[in-house]
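Chain by chain, the residues run as shown.
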Amino acid sequence: MAINRRSFLNAILGSGFVGWLGSIFYPVFSFLVPPKMPEANVQSVNAGLINDIPLNSSQILKFGRTPVLLVRAQSGEFKALAATCTHLDCTVQYREDRQDIWCACHNGIYSLAGRNLAGPPPKPLSQYVVNIVDKEVVVSKPKQIG
Amino acid sequence: MRKSALIFFCITLALLFVTTAAQSQEKTEFGADDQCIVCHLEIDFLPADFSNADIHLQKGLSCAGCHGGDVMSDDVEIAKRAEAKFTGIPTKKDIAGMCGKCHSDISFMRKYQPRISVDQARQYKQSVHGQKLAQGDTKVADCSSCHTAHSILSATDARSTIYSLNVPKTCTKCHGDQAYMADYNIPTTQYDEYVESVHGKALLEKQDVGAPACNDCHGNHGAMPPGIVSISHVCGACHVNNQDFFSKSKMANEFADADLHACEECHGVHDIKNTFDDMVGTGETSTCTECHGEGETGYQVAQQIRSHLGDLVAVYDSASILLKNVEHVGMDVLDMSYAVKDAKQSLTQARTLVHTFDSELVQTKTEEGKTSARHALHLGNAEMEELRFRRFGFGVATFFMTIVLAALYFKIKDIEKE
Amino acid sequence: MLKKTMQKTYHWLDERFKITPLVEFMSHKQVPVHKHSLWYYMGGVALFLFVIQVVSGILLLLYYQPGIDSAFESVQFITTKVSFGWLFRSVHSWSANLMVFFVFVHMFSTFFTRTYKKPRELTWVTGSVLLLLSLFFGFSGYLLPWNELAFFATKVGTDIAGAIPFIGEPIKLLLRGGEGVTGATLSRFYAFHVALIPAAFTILLFLHLLFVQRQGMHEPEFFQKLPENKKRMMPFFPNFVLRDALLWLLVLNVILYLAVFFPWEIGVKADAFAPAPQGIKPEWFFMFMFQALKLLPAHIFLMEGEVFGILFFAIAGTVWFTVPFWSVFIKENLRLKLMKLFGIIVIAFILILTIWGYLD
C-alpha cells in the first residue's frame, strides 16, 4: 500500500510539475509572438492600394490616438495632415466642393497644405509624409528635427 | 570796387542760405533732429499719453507731421508761426480729417504698408460716432479715443488699446460710464455682461484671440449696432452651421415677421452663456416655452427634440464613465476612445441641428451618436470581461497550484517519515 | 526509464568533469533544525525572486523601447496589446518590491542569529553589496516606464545624491548623464538596469552562494552548545530542497495574486515642464531615508541639514556593513545584548520613519 501511495504521490507531483511548467511556458510563448500591431509608437499606417482611393476624396487614419486626414486631391496628389483642429480640438474634414479643409465647429478653414487660412485656428495643421510603396499608400509621421 | 563786390557776395550768400533753409524746412517734416520733441522734453511738457513706442514716432513722423510747425527751429515763436502751418491741438471735428490726410491717401500709405486699408475715415463718417459728430455732438469717439493720440500701436501689439484683448476695455471707457452715457438711450452694462459671457471668458481669460471682441460684431470704424437681419449673419460668421440651419428653418420667417432678434432671442447678446440642453424643451429654463404654450405644435417639437438629446447624452455619459473605469484598471482604451470621440462629435452636431427645429433631423443624428456610444460600451465591457477572465484564470491556476502544493507537502512528510 | 537516462547523463559528465566529489559533498549537506529554522528559507526566497526578475525582465526587454518618446508608450503597449504583457509587467514590478523586502528580512535574520561571525564575514559583506545593488536595481528600474511619479522620484533622488559633499555633484552628473533628468538619464538608467547591475549582481551572488555552499549552514549559538546526538539535522537534498520548492511555489502564487488583483499602474507620461505633482514619494525602501532627511533642520553643526543626514546614513551604512569586523571588539558578556539592541534600534528606526513618511 505504501508503494502505491508513493507512486500515486509521485504521479501527482510529476504531472503537477509538468502542468505547472506548461502554465509558465504557455504565457511566455504567447508573449513572444508579436501582436498584430507590432509597435508601440505608430510610425506609419497603410491606407490601402492607390487604385482603391478615388480622386477628390478623404479618409481618417488612426495613428495611435491621433487621427490623421488623408486627402487625395483632384490632381491625384496625396496630402496627409493632422486631423485635430488647432483651435479647440474638433476633428476637421475635407470639403470636396471647395477642395479645402474645414472645421465645422467654428468655421475654421485650412488649405490642402494645412495652412490656416480663415477663422479662429491659430496654427496650421501638421503635415504627415505620404509614400507610395508597391502601389500601397503609406502615411508616416514626419521626421523630427533635432 | 572790392568793397562793393564783397557786400554783393555776402548778400548773395545770405539769400542763398535763407532760400535753401526755407526749402529744406518743407522736407524735414520727417527728419531726425526733431526740435519739437527736444524742446518739449527739456521743459518736461509732453502730452499725457506720449510714448516712445508710438508707431508714427517709430516710422519717423513726429509732432509736425500732424500738428504742422517748423521742426528744425528751436525757437518757439519761429516754430509755431502760421507760415509753418502750425495747427496746434485740433478740435474734435478736425481729427478725422487730420488723420485722414495721410490715412485716406493710398499713394502715401503704400510707402509704409502696400496692403493697408484707406477707407477708415470714410467708414467713420458713416458710423454712429461719425454721424453724431457731424451733428455737433463732441462726446462721441474720434480716432484718438480708441487709438490714443501719442501712443498709437499696431493692432497686433499686445500693449495697444486696439489689441483684441484690450478692445473691450477701450470701448467701455465711454460705453460703461453711466454718467457719461446718460444722454444716450443705450445701456452701459455691456462690458460687465460680456466679461461673464462665453466670448468674454474665451478672449479675456483663455486668451483665445479667435473669440469676438466688440469690434468683431459691431465693426471697427463703421461701428453700428447690427440690424435685425444682420444679427444671425454676424453670429453666423463663426457659427456657420447654426446660422445655416436657422435661416432654412420655419422659424426664420416667423422671427422676421415678429421683429425678433434671431440668435439674440434665445442666446442673449453681450451676456451669452454656455448653452445647455435644458434651453430646449419644456422645462423651467427652456427658451422655447417663452413663446410656445402647451398644446401647440412648437411645444411638442421642443419636447421631442429635448428627449432625443437626453437619450444620446445618457448613453454617451455611461460610455465616458466606463472609459474612465477601463483606463483606471489599466486595460486597453484605444479603440473605445475613438468610439466615444465619435459619439461626442455626433452629440455636438445634434445640438447644432436643434436650430433646424426639426425633431426628425435631430433624431437621425442622435441615433448615429447612440450607435457609436453603444459600440464604445461594448468595447469597454469586453475589456472589463477580460479583466474578470484574468481573475478567473488566476483562480484556476491557484487551484492547480494548490494540488501541487498539497502533493509536495505530503511528499515531504513521506520522505521524512524514514 | 527516466532514471536510466539520468544515470547515463551523470556518467557522461562525470567522465569528463569529475563531478562525483562535488555531488558527494552536496549530498552530505545538512541543515540544522531548530526553532529559528524558518529563517533559513529567506535567502532562498530572495534568490527565487531574483530569478523571477531576470526571466520577466528579459521578456519585457523584448518589447520595451527606451527613449523619452517611446518608453512610456512601449510600456503601455506591453500592458494593453501584448499577450500576457500585463501579467509579466505586474509580476516584474511586484516581485521587485518583494525581493527587496525579503533581502531585508534575510539580512536582519542573519544579523540576529549572528551569522556574520567568523568564518562568515565575507558572506555578510557580499550580502551587503547585494543589498545595495538591489536598491540600485529598484531605483534604476523605477524610471524606465518614464511616468510622472518616476520622473520626479528620480529627480529628487539624484538631487539628494548630489548633496554629498565634494563628490556629490560629479556623482549626480554621472547618474543623470547631464544637468537635469532627461532622455540621457533614461538611457543610462536603462544601461545600469539591464547590463551593469545584473553583471555585478551575478558575480556577487555567485560568490555569496559559493561561500554558503562551501561553509555550510550556520548553527546559532544555542544549537552549537547542544551535544552532537541532540542536534537535529535534515539533509539538504531532498528535504530542504523540497521544502524550498513548496515555499517558492507559494510565493509565486502570492505574486500572481498581486499581479492580477493589484495590477501595477501605468501612470501619466512624464513631462519635464509640468510642475511636480503633490506629495512625491520615493519607493517604500527609500522612504525612511527620505523622511529622515525631511525632518532634519536646515543647519546642524555648521553644515547643511541634508548633508548631515547623508553623512549620517553613509556612516551608519558603513558601520552596519562592517559589523563582523568590529563586533569582535565588544566584551564577550555584553556582546549578545548590545548587538541585539543595536539591531532592534535599526529596525525600529526604519519602521517608524517609513510609517511616518506615509502618514505625512
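Residues numbered from 1 in each chain as written. Chains lettered and ligands numbered in written order. Predicted model: local features only at pLDDT ≥ 70, side-chain atom pairs only at ≥ 80, totals over all residues. Heavy atoms only, no water.

Caption draft 1: The overall build of chain B, seen in detail. Within chain B one finds 21 helices and zero strands. Taking 418 residues into account, the globule formula puts the C-alpha radius of gyration at 22 Å, and chain B, at 37 Å, lies well above it. The principal-axis extents of the C-alpha atoms in chain B amount to approximately 155 × 80 × 40 Å. By the burial criterion, 32% of the 418 residues in chain B qualify as buried. Restricting the contact set of chain B to residue pairs at least 6 apart, pairs at least 24 apart contribute 56%. Surface accessibility of chain B: about 25600 Å² in total, with carbon and sulfur atoms responsible for 58%. Taken as two groups, the 39 positive and 56 negative side-chain charges of chain B have centres that lie 6 Å from each other. (Helix = DSSP H or I, 4+ residues; strand = E, 2+ residues; numbered from the N terminus. Rg over C-alpha atoms; globule rule 2.2 N^0.38 Å. Buried < 20%, exposed > 50% of the residue type's maximum accessible area, 1.4 Å probe, protein only. Contact = heavy atoms within 4.5 Å. Areas by Shrake-Rupley, 256 points an atom, 1.4 Å probe, with all protein chains shown as cover. Lys, Arg positive; Asp, Glu negative; His and termini not counted. Charge placed at Lys NZ, Arg CZ, Asp CG, Glu CD.)

Caption draft 2: Representation of the interface of chain A and chain C. Across the contact, 17 residues belong to chain A and 20 residues belong to chain C. Regarding the contact of chain A and chain C, the summed buried area is about 1500 Å², with carbon and sulfur atoms giving 74% of it. Applying the counting rule to chain A against chain C returns four residue pairs in polar contact (both at pLDDT 80 or more). Its residues assigned to classes, the side of chain A that touches chain C shows 13 nonpolar, two polar and two charged. (Buried area = accessible area lost by both parts, 1.4 Å probe. Polar contact = N/O pair within 3.5 Å; in protein donor to acceptor, adjacent residues only side chain to side chain. Nonpolar A, V, L, I, M, F, W, Y, C, P; charged D, E, K, R; others polar.)

Caption draft 3: Focus on the pairing of strand E3 (residues 66-72) of chain A. All names here are of chain A. The buried fraction of E3 is high, at six of seven residues. Linking two consecutive strands that pair antiparallel, namely strand E2 (residues 57-63) and E3, is a turn of two residues; a positive phi of about 60° is found at Gly64 within it. As defined by bridge partners, E3 adjoins strand E4 (residues 78-82) across five bridges and the pair is classed as antiparallel. Pairing of Leu70 across the sheet is with Ala80, part of E4. Taking the residues that link successive antiparallel strands as the turn, the E3-E4 hairpin has five residues, and the phi of Gly76 there is positive, at about 100°. (Pairing = 2+ DSSP bridges.)

Caption draft 4: Main features of the sheet that holds E2(A). Residue and element names in this part refer to chain A. Strands sit in the order E1-E10-E9-E4-E3-E2 across an open sheet of six strands; the sheet is antiparallel. With partners counted over all chains shown, the strands left at the sheet margins are strand E1 (44-49) and E2, one partner each. The mean inter-strand angle of the sheet, taken between neighbouring strand axes irrespective of direction, is 25°. Relative to strand E9 (residues 127-133), E4 is paired through two bridges, and the arrangement is antiparallel. The residue bridging Leu81 from the neighbouring strand is Gln127, located in E9. (Axes fitted to C-alpha atoms, helices over the stretch in contact; angles between N-to-C directions.)

Caption draft 5: Fine view of the packing of helix H3 (residues 40-61) of chain C against helix H9 (residues 183-215) of chain C. All names here are of chain C. Following both chains from N to C, one finds H3 and H9 inclined at 150°, their axes separated by 13 Å at the closest point. As judged from the angle between their axes, H3 and H9 are roughly antiparallel. With respect to the hand of their crossing, H3 and H9 are arranged in left-handed fashion. When H3 is examined against H9, the residues Leu47, Phe50 and Leu61 are found in contact with a partner set consisting of Tyr190, Val194, Phe201, Leu205 and Leu209. (Parallel < 35°, antiparallel > 145°, perpendicular 65-115°, else oblique. Left-handed = near helix turned anticlockwise from the far one by under 90°.)

Caption draft 6: Focus on the pairing of E2(A). Strand direction decides the pairing type here: E2(A) and E3(A), joined by seven bridges, are antiparallel. Across the sheet, the residue bridging to Gln59(A) is Leu70(A), located in E3(A).

Caption draft 7: Representation of the interface of chain B and chain A in the model. Across the contact, 23 residues belong to chain B and 22 residues belong to chain A. Here chain B meets chain A over a buried area of about 2000 Å², counting both sides, of which 56% is carbon and sulfur. For chain B, the biggest contributors to the area lost against chain A are Leu334(B), Tyr338(B) and Lys411(B); these three give 25% of the whole. The interface formed by chain B and chain A holds five residue pairs in polar contact (both at pLDDT 80 or more) in total. Mapped by element, the contributors of at least two residues to the side of chain B that touches chain A are helix H16 (240-248), helix H20 (334-353) and helix H21 (359-417) of chain B. Per-element accounting of the side of chain B that touches chain A gives the leading share, nine residues, to H21(B).

Caption draft 8: Looking closely at the sheet that holds strand E5 (residues 93-95) of chain A. All names here are of chain A. Taken in spatial order, the four strands make up an open sheet running E5-E6-E7-E8, and their pairing is antiparallel. Strands at the two margins of the open sheet, each flanked by one partner only, are E5 and strand E8 (116-118). Recorded for the sheet is a direction-independent mean angle of 40° between the axes of neighbouring strands. In the sheet, E5 pairs with strand E6 (residues 100-103) via three bridges, with the strands oriented antiparallel.

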